[in-house]
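Next come the chains, spelled out residue by residue.
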Protein chains: 2
Amino acid sequence: MTRQRRVLLEILDQSDAHLDARTLCERAQKKIDIDRATVYRTLELLKQKGLIDELDLMHLHGEMHYFEARTGSEHFHLACYGCGKITEVEDGMFERLKKHVALHEGFKVQTARLEIGGYCRACTAQHKKKSRV
Amino acid sequence: MTRQRRVLLEILDQSDAHLDARTLCERAQKKIDIDRATVYRTLELLKQKGLIDELDLMHLHGEMHYFEARTGSEHFHLACYGCGKITEVEDGMFERLKKHVALHEGFKVQTARLEIGGYCRACTAQHKKKSRV
DNA sequence: GCTTACTTGCGAATGAGTCGCAACTTTAGA
DNA sequence: TCTAAAGTTGCGACTCATTCGCAAGTAAGC
Ligand SMILES: [Mn+2]
Ligand SMILES: [Mn+2]
Ligand SMILES: [Zn+2]
Ligand SMILES: [Zn+2]
């Protein structure tokens, strides 16, 4: 556990948002000297160790992926095409589905990613209002 | 509906595998003159229309995404880190979860992607055998 | 035939992520 | 404490999927 790795994990642990590699790198560089390549290498490492999760989030803001520290509680993500908001949802049904798959398909689950793209409540309401004009 | 678009949709409809943009382009070029850029533009269009789905598949074989025609039956994907195999799973629980989220969160679902990475039955068995040595 | 909107191919550009390598750091043993 | 091997880092060059600008091509309406 080097200084670089500790700082990166710290930032991920403390951030409640979903950070892409570049943003993570920028934040880390405010604290220590660290290179882009090291960030990518470390992210790969932390992922392997099961300490963080990589998210696609429907590539809502470009080509990059996002990262978040793995906490005890499992959740999945809703991405709004309208306002770009990401909502985290914790639902027992997701857990059950994962266990079901593991059992039924004989699949050893390492990571499970449920990502839903669409329109949040606010954006749907706004859209309805507009189309009524 | 131009010739280019028809051919691309045809290939996607007929293929049972998950095609990345480059492969799709190569296959289309065997039938007609078509450019990379047109493929990307058309994929975006077909996605918007809800005719195809874009998959991440844990970026198992590189940086690209994969595409598949949307059929009646909803399914999700298991990606094996060992052998690279992609398994499609159809499970009522997935449908129910989607409906539940739509209702409970007031979210208008456009696309839902459940992707699970881990080890398939065969790879898990092989791994156990190896570690017994 | 002329106007307009849409679509395409081409080549150049973008930008996230990777690689090779030499320098640096840590570890573990003599 | 010294030393050599193993692991990690920064740097710069590179890759390669995807996007963009633009001029030419196509389809449709009048
Ligand atoms: Mn992705
Ligand atoms: Mn599929
Ligand atoms: Zn929204
Ligand atoms: Zn496998």
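All values derive from a computational prediction rather than experimental measurement.

A. Structural context of the packing of aromatic side chains. The tally for this structure, following the rule as stated, stands at four aromatic pairs over all chains. A centroid spacing of 5.3 Å and a plane angle of 75° characterise the contact between Phe76 of chain A and Phe94 of chain A, whose relative ring orientation is edge-to-face. Taken together, the residues span a long stretch of sequence, with Phe76 of chain A in strand 4 (residues 76–80) and Phe94 of chain A in helix 4 (residues 92–105) at a distance of 18 residues. Ring centres of Tyr81 of chain B and Tyr119 of chain B lie 6.0 Å apart, and the angle between their planes is 75°; on these two criteria the pair is classed as edge-to-face.

B. The coordination of the manganese ion (ligand 1), seen in detail. Looking at the manganese ion (ligand 1), one finds its protein donor set to be Asp56 of chain A (OD), His59 of chain A (NE2), His65 of chain A (NE2), Asp56 of chain B (OD), His59 of chain B (NE2) and His65 of chain B (NE2), positioned 1.9 to 2.3 Å from the metal centre. Coordination at the manganese ion (ligand 1) is irregular: its six donor atoms span angles of 68 to 157° at the metal. Taken together, the residues span two chains, with His59 of chain A in the loop between strand 2 (52–55) and strand 3 (66–69) and His59 of chain B in the loop between strand 2 (52–55) and strand 3 (66–69). Taking relative accessible area as the criterion, His59 of chain A reaches 17% and is therefore assigned buried.

C. A look at the nonpolar core. In this structure, Phe76 of chain A together with Phe76 of chain B are the most contacted members of the largest nonpolar core, which totals 28 residues. Those elements that place two or more of their residues in this core are strand 4, helix 4 and strand 6 (108–119) of chain A together with strand 4 (76–80), helix 4 (92–105) and strand 6 (108–119) of chain B. If sequence neighbours within four positions are ignored, Phe76 of chain A has contacts with Thr87, Glu88, Val89, Asp91, Phe94, Leu114 and Ile116 of chain A together with Leu97 and Val101 of chain B.

D. Quick peek at the domain arrangement of chain A. Residue and element names in this part refer to chain A. When cut into domains, chain A gives domain 1 (1–71) and domain 2 (73–133). One C-alpha centre belongs to domain 1, the other to domain 2; they are set 22 Å apart. With 12 residues of domain 1 at the interface, the matching set in domain 2 holds 14 residues. Between domain 1 and domain 2 the total buried area reaches about 1,100 Å² when both faces are included, carbon and sulfur atoms providing 56% of it. Among the residues domain 1 hides against domain 2, the three largest losses belong to Leu57, Met58 and Leu60. Together they make up 41% of the total. Linking domain 1 with domain 2 are zero salt bridges. Our count for the domain 1 to domain 2 interface comes out at nine residue pairs in polar contact (both at pLDDT 80 or more).

E. The arrangement of the relation of the copies chain B and chain A in detail. Placing chain B over chain A gives an RMSD of 0.1 Å and needs a rotation angle of 180°, together with 0.0 Å of translation along the axis. Such a turn and shift between the copies fits a two-fold axis. When C-alpha distances to the rotation axis are compared across chain B, the minimum falls at Leu114 of chain B, with a value of 2.1 Å. In this assembly, 100% of the residues forming the interface of chain B have copies in chain A that are likewise at the interface, indicating an isologous arrangement.

Conventions and cut-offs
Residues numbered from 1 in each chain as written. Chains lettered and ligands numbered in written order. Predicted model: local features only at pLDDT ≥ 70, side-chain atom pairs only at ≥ 80, totals over all residues. Heavy atoms only, no water. Phe/Tyr/Trp six-rings, centres within 6.5 Å; stacked < 30°, edge-to-face > 60°. Helix = DSSP H or I, 4+ residues; strand = E, 2+ residues; numbered from the N terminus. Donors = N, O, S within 2.8 Å, 3.2 Å for Na, K, Ca; no water. Tetrahedral: all angles 85-135°; square planar, octahedral: opposite > 155°, others 65-115°. Buried < 20%, exposed > 50% of the residue type's maximum accessible area, 1.4 Å probe, protein only. Core = buried A, V, L, I, M, F, W, Y, C linked by side-chain atoms within 4.5 Å. Contact = heavy atoms within 4.5 Å. Domains from an automatic or database assignment. Buried area = accessible area lost by both parts, 1.4 Å probe. Salt bridge = Lys/Arg side-chain N within 4 Å of Asp/Glu carboxyl O. Polar contact = N/O pair within 3.5 Å; in protein donor to acceptor, adjacent residues only side chain to side chain. Least-squares fit on C-alpha atoms with pLDDT ≥ 70 in both.

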